[in-house]
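The residues making up each chain are set out below.
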Amino acid sequence: MNIHLICVGQNMPDWVQCGFQEYARRMPKHCGLKLKEIQASPRKARADLKRIAITEGDKLLAAVPRHARKIALTREGRSLGTRELAKHMRGWIDDADDIALLVGGPEGLSDEVLSQVDWSWSLSPLTFAHPLVRVVVAEQLYRAHSVLENKPYHRGD
């Protein structure tokens, strides 16, 4: 089983790449964390932002591995605590299904993407900078896996 973090945006700052890779490398082989970056569409004055979200959404969906469960990251999604995320992860591992976590561009995810996901996950009602989302997701997935493995990384409840 692999978790595919599929995000709009490329050429992230070094701190983002280092932060993501730090947690991705800590994940065990049976629960690998992989990043797929989708090129953002150019945003010019008077750009059709709805059309941009649709185009980027089509690219996101095309990058999802066959038979992977699709999970959208949105502010409106379901908020999970660490132990609840760990329970979801246990199910993913037991089912051996790949997971695709979808992160849209500045305009968010298109209605087409949202209509095709299995569910939506909210990291917070706050809006995060897109580069930061990659690091937060990677850390939270590692934290959830440490709960499953009874590792001391997660000390809170």
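In what follows, the accompanying structure is described.

Criteria and cut-off values
- Residues numbered from 1 in each chain as written.
- Predicted model: local features only at pLDDT ≥ 70, side-chain atom pairs only at ≥ 80, totals over all residues.
- Heavy atoms only, no water.
- Salt bridge = Lys/Arg side-chain N within 4 Å of Asp/Glu carboxyl O.
- Helix = DSSP H or I, 4+ residues; strand = E, 2+ residues; numbered from the N terminus.
- Buried < 20%, exposed > 50% of the residue type's maximum accessible area, 1.4 Å probe, protein only.
- Phe/Tyr/Trp six-rings, centres within 6.5 Å; stacked < 30°, edge-to-face > 60°.
- Lys NZ or Arg CZ within 6 Å of the ring centre and 35° of its normal.
- Contact = heavy atoms within 4.5 Å.
- Axes fitted to C-alpha atoms, helices over the stretch in contact; angles between N-to-C directions.
- Parallel < 35°, antiparallel > 145°, perpendicular 65-115°, else oblique.
- Left-handed = near helix turned anticlockwise from the far one by under 90°.
- Nonpolar A, V, L, I, M, F, W, Y, C, P; charged D, E, K, R; others polar.

Side note on the pattern of salt bridges
Note on pairing: side chains with opposite charge can pair once their charged atoms come close.
Consideration 1: The full count for this structure, using the stated rule, is ten salt bridges.
Consideration 2: In this structure, the salt-bridge partner of Arg-43 is Glu-56, at a minimum N-O distance of 2.9 Å. Of this pair, Arg-43 sits in the loop between strand S2 (32-38) and helix H2 (49-63) while Glu-56 sits in helix H2, and the two are 13 residues apart along the sequence.
Consideration 3: Residue class for Glu-56 comes out buried when judged on its relative accessible area of 2%.
Consideration 4: The network of salt bridges with common partners includes Glu-22, Arg-25 and Arg-26.

Description of the packing of aromatic side chains
Consideration 1: Summed over the entire model, instances satisfying the criterion amount to two aromatic pairs.
Consideration 2: Note on Tyr-142 and Tyr-153: the rings are 4.8 Å apart at their centroids and 70° apart in plane angle, and the pair reads as edge-to-face. With Tyr-142 in helix H5 (residues 130-148) and Tyr-153 in the segment after H5, this pair connects stretches of sequence that are eleven residues apart.
Consideration 3: Classification of Tyr-142 as buried rests on a relative accessible area of 11%.
Consideration 4: An aromatic cluster is built from Tyr-23, Tyr-142 and Tyr-153, whose rings are joined through pairwise contacts.
Consideration 5: Over the aromatic face of Tyr-142 sits the side chain of Arg-26, whose NZ or CZ is 5.3 Å from the ring centroid.

Details of the environment of His-4
Consideration 1: Its place among the elements puts His-4 in strand S1 (residues 2-8).
Consideration 2: On the accessibility criterion, His-4 (14% relative accessible area) is buried.
Consideration 3: Contact partners of His-4, with chain neighbours within four places excluded, come to Lys-34, Pro-65, Asp-98, Ile-99, Ala-100 and Leu-101.

Comments concerning the side chain of Arg-134
Consideration 1: Within the element layout of this structure, Arg-134 appears in helix H5.
Consideration 2: Look at Arg-134 and you get buried, because its relative accessible area is 2%.

Points about the packing of helix H1 (residues 14-26) against H5
Consideration 1: Contact geometry for H1 and H5: axes closest at 9 Å, N-to-C directions at 15°. One element, H1, and the other, H5, form an angle in the roughly parallel class. Considering how the two elements wind past one another, H1 and H5 form a crossing that is left-handed. Two secondary-structure elements touch here, H1 through Trp-15, Val-16, Gly-19, Phe-20, Tyr-23 and Arg-26 and H5 through Pro-131, Leu-132, Arg-134, Val-135, Ala-138, Glu-139 and Tyr-142.
Consideration 2: For the contact of H1 with H5, a count of residues per class yields nine nonpolar, one polar and three charged.

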